[in-house]
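Architecture and fold: a report
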Amino acid sequence: MGAVKNEIYKCETCGNVVMVLEGGDGDLVCCAENMKLLTSDEAKAFAQRMPKPGSP
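Note that the coordinates shown come from a computational prediction; the quantities given were computed from them, not determined experimentally. (Residues numbered from 1 in each chain as written. Predicted model: local features only at pLDDT ≥ 70, side-chain atom pairs only at ≥ 80, totals over all residues. Heavy atoms only, no water.)

Another aspect to go through is the sheet that holds strand 2 (residues 17-19). One open sheet accounts for three strands, arranged 2-1-5; its pairing is antiparallel. Unpaired on one side and paired on the other, strand 2 and strand 5 (36-37) mark the two borders of the sheet. Most of the contacts of helix 1 (residues 40-49) go to strand 1 (residues 8-10), to which it runs at about 100 degrees, and overall it touches strand 1, strand 2 and strand 5. (Pairing = 2+ DSSP bridges. Helix = DSSP H or I, 4+ residues; strand = E, 2+ residues; numbered from the N terminus. Contact = heavy atoms within 4.5 Å. Axes fitted to C-alpha atoms, helices over the stretch in contact; angles between N-to-C directions.)

Below you can see the structure in the form of structure tokens.
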């Protein structure tokens, strides 16, 4: 399936959160498990707190 730009994923094991900056093929993996794609409501909470790419 692959990740799409601006999607936000969370590791259900350790809680690591990532935002996709450039989409591509493959799965996002953390702690030897696929990361969970957050719903739009869940993603909004994280997106508001995340710095914009390239900002200090």
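The subject of this paragraph is the nonpolar core. Residues Ala3, Tyr9, Cys11, Val20, Cys30 and Met35 constitute the largest nonpolar core, which totals six residues. Sequence-distant contacts of valine 20, defined by excluding residues within four places in its chain, comprise Ala3, Val4, Lys5, Asn6, Glu7, Tyr9 and Leu28. (Core = buried A, V, L, I, M, F, W, Y, C linked by side-chain atoms within 4.5 Å. Buried < 20%, exposed > 50% of the residue type's maximum accessible area, 1.4 Å probe, protein only.)

Inspection of the secondary structure puts asparagine 16 in the loop between strand 1 and strand 2. Looking at asparagine 16, the relative accessible area reads 37%, which means it is partly exposed. Between the C-alpha atom of asparagine 16 and that of glycine 26, which follows or precedes it by 10 residues, the distance is 18 Å. When sequence neighbours within four positions are dropped, the list of residues in contact with asparagine 16 reads Tyr9, Lys10, Cys11, Cys30 and Met35.

These figures capture arrangement, not role.
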